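Architecture and fold: a report
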Amino acid sequence: MGEFPRPALTADAALVRHGDTGWEILLVKRGRPPFAGRWALPGGFVDEYEPPEDAARRELEEETGIRFDGPLALVGVYGGPGRDPRGWTVSVVFAGIADADDLGAATAGDDADDAAWHPLESVPDLAFDHADIVSDVRRWLGREQRV
C-alpha cells in the first residue's frame with residue numbers, strides 16, 4: 001500500500017491523581033512480551049480509523065478498569081528507533097488529572113497482570129521508553145499546576 005513504510009500506531013494514557021503521598025500515576029504490569037512483568041503506562045494499538053485519544057481512553061479502561069471521561073492533554077508523540085522490539089511503533093501519549101475520590105479501584109484486565117498507582121517521583125523500572133514519557137508527564141503536570 002503505497003511506497004512509504006508505515007509505523008504501527010499506539011496510544012498511551014498517563015492518568016495522574018493527588019493521593020495521600022503526593023502525585024501518583026496509574027501503571028500496569030505487562031502480562032505479555034515484550035517486557036512481560038515490567039510496569040508501563042496503560043496503552044495499546046489504535047484500531048483502524050479510531051482516533052488516538054479514543055484509543056487511549058479505551059486501553060485505559062480495558063487494562064485498569066478505570067473509565068476516565070475528564071479532559072486529556074497531548075503530552076507528546078514518541079517514535080524513536082528501537083522503542084519497541086516488535087518493530088517501528090509510534091505512540092501518541094495523553095495525560096489527564098483524575099480526582100482521587102471519583103475513581104474506583106484499579107483492577108488489571110485485558111493483557112495486564114496488575115494495575116496500581118505509583119508515586120510519580122519514584123516509579124519502578126518501566127518498559128519501552130515510558131521512563132522518558134513519565135519525565136515529560138512530570139513537566140506537563142508542573143505547567144498544569146501553575147495555571
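Look a little higher up for the structure.
Residues numbered from 1 in each chain as written. Predicted model: local features only at pLDDT ≥ 70, side-chain atom pairs only at ≥ 80, totals over all residues. Heavy atoms only, no water.

1. Quick word on the overall build of the protein
- A tally of regular secondary structure across the protein gives two helices and seven strands.
- Secondary structure elements of the protein, listed N to C terminal, follow the sequence β-β-β-β-α-β-β-β-α.
- Rg of the C-alpha trace for the protein: 15 Å, near the compact-globule value of 15 Å for 147 residues, within the 12% margin.
- Each of the 147 residues in the protein was classed as buried or not, and the buried ones make up 46%.
- Working note: accessible area of the protein is about 7900 Å², and carbon and sulfur atoms make up 50% of it. (Helix = DSSP H or I, 4+ residues; strand = E, 2+ residues; numbered from the N terminus. Rg over C-alpha atoms; globule rule 2.2 N^0.38 Å. Buried < 20%, exposed > 50% of the residue type's maximum accessible area, 1.4 Å probe, protein only. Areas by Shrake-Rupley, 256 points an atom, 1.4 Å probe, with all protein chains shown as cover.)

2. Focus on the environment of Ser135
- Position of Ser135 among the secondary structure elements: in helix H2 (residues 130–146).
- A C-alpha to C-alpha distance of 9.2 Å links Ser135 and Leu120, two positions 15 residues apart in sequence.

3. Things to note about the side chain of Asp129
- Mapped onto the elements of the fold, Asp129 is located in the loop between strand E7 (112–119) and H2.
- Aside from chain neighbours lying at most four places away, what touches Asp129 is Tyr78 and Arg83. (Contact = heavy atoms within 4.5 Å.)

4. Let's talk about the nonpolar core
- By size, the foremost hydrophobic cluster in this structure holds 17 residues, and its most contacted members are Ile25, Leu41 and Val137.
- Secondary-structure elements contributing two or more residues to this core are strand E1 (8–19), strand E2 (22–30), strand E5 (73–78), strand E6 (89–98) and H2.
- For this core, the element with the highest residue contribution is H2, accounting for five residues.
- Discounting chain neighbours no more than four positions away, the residues touching Ile25 are Ala14, Leu15, Val16, Leu41, Ala116, Trp117, His118, Leu120, Val123, Val134 and Val137.
- Core analysis: the second largest hydrophobic core is formed by 16 residues, Ala13, Val46, Ile66 and Leu72 among them. (Core = buried A, V, L, I, M, F, W, Y, C linked by side-chain atoms within 4.5 Å.)

5. Focus on the environment of Thr21
- Structurally, Thr21 can be placed in the loop between E1 and E2.
- On the basis of relative accessibility, which here comes to 64%, the residue Thr21 falls in the exposed class.
- Spatially, the C-alpha atom of Thr21 lies 51 Å from that of Gly2, the residues being 19 residues apart in sequence.

6. A look at the pairing of E6
- Buried residues dominate E6, accounting for nine of its ten residues.
- Across ten bridges, the pairing between E1 and E6 is parallel. Counterpart to Leu15 in the pairing with E6 is Gly96. (Pairing = 2+ DSSP bridges.)

7. Some points on the packing of aromatic side chains
- Applying the stated criterion across every chain, the model contains one aromatic pair.
- Where Phe35 meets Phe128, the ring centres are 4.8 Å apart and the plane angle is 65 degrees; that geometry is what we call edge-to-face. A residue pair is termed long-range when its members are at least 10 positions apart, and Phe35 in the loop between E2 and strand E3 (39–40) and Phe128 in the loop between E7 and H2 qualify at 93 residues.
- Judged by its relative accessible area of 17%, Phe128 is buried. (Phe/Tyr/Trp six-rings, centres within 6.5 Å; stacked < 30°, edge-to-face > 60°.)

8. Concerning helix H1 (residues 52–64)
- Relative to the 18 Å expected for 13 residues at 1.5 Å per residue, H1 spans 18 Å between its end C-alpha atoms, a close match to the ideal helical length.
- Restricting attention to buried positions, one finds in H1 the residues Ala55, Ala56, Arg58, Glu59, Leu60, Glu63 and Thr64.
- Following H1 by one or two positions, Gly65 has its phi on the positive side, about 75 degrees. (Expected span 1.5 Å × (residues − 1).)

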